[in-house]
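# Coordinate analysis (summary)
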Amino acid sequence: MLFENKILRDNINTFRNLLTESIIDKRIIDAINNYKYLYIYYDGDETITKGYRTIRPYRLGAIKSQKNGGQLALRAWQEKGTSDSFKGLGKQYRPEHEYWDNKPGWRLFLVNNITEVLPIGKRFVDQNGKVDIP
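The rules behind these values
Residues numbered from 1 in each chain as written. Predicted model: local features only at pLDDT ≥ 70, side-chain atom pairs only at ≥ 80, totals over all residues. Heavy atoms only, no water. Helix = DSSP H or I, 4+ residues; strand = E, 2+ residues; numbered from the N terminus. Buried < 20%, exposed > 50% of the residue type's maximum accessible area, 1.4 Å probe, protein only. Contact = heavy atoms within 4.5 Å. Areas by Shrake-Rupley, 256 points an atom, 1.4 Å probe, with all protein chains shown as cover. Pairing = 2+ DSSP bridges. Core = buried A, V, L, I, M, F, W, Y, C linked by side-chain atoms within 4.5 Å. Salt bridge = Lys/Arg side-chain N within 4 Å of Asp/Glu carboxyl O. pLDDT = per-residue confidence, 0-100. Axes fitted to C-alpha atoms, helices over the stretch in contact; angles between N-to-C directions.

What the protein contains, in helices and strands, is 3 helices and 5 strands. Secondary structure elements in the protein, listed N-terminal to C-terminal, are α-α-β-β-β-α-β-β. Looking at the protein residue by residue over its 134 residues, the buried ones come to 28%. Residue pairs in contact within the protein that sit at least 24 positions apart in sequence constitute 60% of those at least 6 positions apart. For the protein, the exposed area adds up to about 9200 Å²; of that, 53% sits on carbon and sulfur atoms.

What follows concerns unusual backbone geometry. Residues other than glycine seldom take positive phi values, yet Tyr35 does so here, at roughly 55 degrees. Take Tyr35: it is sitting in the loop between α2 (23–34) and β1 (36–42).

Moving on to the pairing of β1. Across 6 bridges, β1 lies against strand β5 (residues 114–123) in antiparallel orientation. Across the sheet, Lys36 pairs through a bridge with Arg123, a residue of β5. Here β1 runs beside strand β2 (residues 51–62); their pairing, made up of 5 bridges, is antiparallel. Following the sheet pairing, Ile40 is matched in β2 by Arg53.

It is worth spelling out the nonpolar core at this point. With 16 residues, the main nonpolar core has Ile28, Leu38, Ile40, Ile55, Leu74, Phe109 and Ile114 as its most contacted residues. Those elements that place two or more of their residues in this core are α2, β1, β3 (72–81), β4 (105–110) and β5.

Time to look at the pattern of salt bridges. When their charged atoms lie close together, side chains carrying opposite charge are able to pair. Applying the stated rule across the entire model yields 4 salt bridges. Two residues, Lys50 and Asp43, come together in a salt bridge whose shortest N-O distance is 3.6 Å. Linking Arg56 and Glu79 is a salt bridge whose minimum nitrogen-to-oxygen distance equals 2.6 Å. Note that Arg56 is positioned in strand β2 and Glu79 in strand β3, a separation of 23 residues in sequence. With relative accessibility at 8%, the residue Arg56 sits in the buried group. Residue classification places Glu79 among the partly exposed positions, given a relative accessible area of 23%. Salt bridges sharing partners connect three or more residues here, namely Arg56, Glu79 and Asp132.

Our next topic: the confidence of the model for the protein. Here the protein averages 77 in pLDDT, and 70% of its residues register 70 or above. Mean pLDDT across the elements of the protein ranges from a minimum in helix α3 (residues 98–101), with 46, to a maximum in β1, with 94. Residue range residues 86–100 is modelled with pLDDT below 50. Its contacts to residues more than four positions away, or to other chains, number 11 contacts.

Moving on to the sheet that holds β5. Pairing within the open sheet is antiparallel, and its 5 strands lie in the order β4-β3-β2-β1-β5. Strand pairing shows two members of the sheet lacking a second neighbour, β4 and β5, which therefore form its edges. Direction aside, neighbouring strands of the sheet carry axes that sit 40 degrees apart on average.

Next up, the structure:
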């Protein structure tokens, strides 16, 4: 049992080293581990609008889907920035108001579409140091 635990820890450390190969990945991992806000530029794709976003990063992992299977993705709470949450609902449901374009919420970002990662220097914790999850 002890030997199996050592193998598991070694594999986790090896996996972490693979995840931190790029500067963007290192900044994302640091922000997740230390509960830091990030300001990112998301390059989007044919369905997602490009633009800057302020996020609270929570989890990093591989996607299990036919379209994006195996790609590294970031689950984060988006505080501010471009959002397509109401895309296609029509003008009656999406008035031209800043609130609708900056609607906060949980988002999934493909890491290869994040072209800039800028730490803000602010943490999302309460006065007791506990993580502030929306």
